[in-house]
Amino acid sequence: MKVYSAYHEGRLTIYLQGELDQHEIRRSIASIEGLLDDYLPRDCVLDLGGLSFMDSSGIALILKLHRRITGSGGRIWVENAAAQPLRVLDASGIDRIVNIRVPREVV
């Protein structure tokens, strides 16, 4: 699992690549929290386009980020989830809490 980022005008985009499961979650959260500490973004985009697999650990990561970002008055949303991670997101009902923007080819 790899974590990349880009920052522009108050928006931090976090790109996840690989597989996000219980074995990768601690390291991933630590990396992402470091990015949040460094940039203090107003908005945070979690781009799942490079994620080939995600289990419920991904839901925990999204909820943790949501609490942190919205707690400081910011916004967070998820973009570009591939088919398998999107199924996990749909099954969880997390879209009632966090905006999930789906690429057209997945719909």
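Everything here concerns the structure above.
Residues numbered from 1 in each chain as written. Predicted model: local features only at pLDDT ≥ 70, side-chain atom pairs only at ≥ 80, totals over all residues. Heavy atoms only, no water.

## So, the packing of aromatic side chains
All told, the structure shown has 1 aromatic pair when counted by the stated rule. Here the aromatic rings of Tyr7 and Tyr39 are separated by 4.8 Å at their centres, their planes lie at 20°, and the arrangement is stacked. Taken as a pair, Tyr7 in strand 1 (residues 2–8) and Tyr39 in helix 1 (residues 25–39) lie far apart in primary sequence, 32 residues in all. (Phe/Tyr/Trp six-rings, centres within 6.5 Å; stacked < 30°, edge-to-face > 60°. Helix = DSSP H or I, 4+ residues; strand = E, 2+ residues; numbered from the N terminus.)

## A word on the pairing of strand 4 (residues 75–79)
Pairing analysis gives 5 bridges linking strand 3 (residues 43–54) to strand 4, with the strands arranged parallel. Of the residues in strand 4, the one forming a bridge with Leu46 is Val78. Handedness of the crossover joining strand 3 and strand 4 through helix 2 (residues 56–71) is recorded here as right-handed. Each parallel crossover has a hand, and the one from strand 4 via helix 3 (residues 83–92) to strand 5 (residues 99–101) is right-handed. (Pairing = 2+ DSSP bridges. Right-handed = clockwise from strand over helix to strand, strands pointing away.)

## Observations concerning the side chain of Thr13
Position of Thr13 relative to the elements: it lies in strand 2 (residues 11–20). Among the residues examined, Thr13 registers a relative accessible area of 12% and is labelled buried. Excluding residues that lie within four positions of it along the chain, Thr13 makes contacts with Tyr4, Ser5, Ala6, Val45 and Asp47. (Buried < 20%, exposed > 50% of the residue type's maximum accessible area, 1.4 Å probe, protein only. Contact = heavy atoms within 4.5 Å.)

## Looking at helix 2
The first and last C-alpha atoms of helix 2 sit 23 Å apart over 16 residues, in line with the 22 Å expected at 1.5 Å per residue. Those residues of helix 2 that fall on the buried side of the exposure criterion are Ser57, Gly58, Ile59, Leu61, Ile62, Leu65, His66 and Ile69. Those residues of helix 2 hidden inside the fold are in contact with strand 2, helix 1, strand 3, strand 4 and helix 3. Two to three positions downstream of the cap, the backbone nitrogen of Ser57 sits 2.8 Å from a side-chain oxygen, assigning the N-cap of helix 2 to Asp55. (Expected span 1.5 Å × (residues − 1). Polar contact = N/O pair within 3.5 Å; in protein donor to acceptor, adjacent residues only side chain to side chain.)

## Points about the sheet that holds strand 5
Taking strand neighbours across the sheet as the criterion, the 5 strands line up as 1-2-3-4-5 in an open arrangement whose pairing is mixed. Looking at which strands have only one partner, the edges of the open sheet turn out to be strand 1 and strand 5. Across the sheet, the mean angle separating the axes of adjacent strands is 20° when strand polarity is ignored. Bridge count between strand 2 and strand 3: 9 bridges; the pairing is parallel. Counterpart to Gly18 in the pairing with strand 3 is Leu51. Sheet strands in contact with helix 3 are strand 3, strand 4 and strand 5, and its direction is about 115° off that of strand 3. (Axes fitted to C-alpha atoms, helices over the stretch in contact; angles between N-to-C directions.)

## Describing the pattern of salt bridges
Under the counting rule described, the total for this entry stands at 6 salt bridges. With a closest N to O distance of 3.9 Å, Arg42 and Asp43 form a salt bridge. A salt bridge links Arg101 to Glu79; the shortest N-O distance between them is 3.6 Å. With a gap of 22 residues between them, Arg101 in strand 5 and Glu79 in strand 4 connect regions that are remote in the sequence. Judged by its relative accessible area of 39%, Arg101 is partly exposed. (Salt bridge = Lys/Arg side-chain N within 4 Å of Asp/Glu carboxyl O.)

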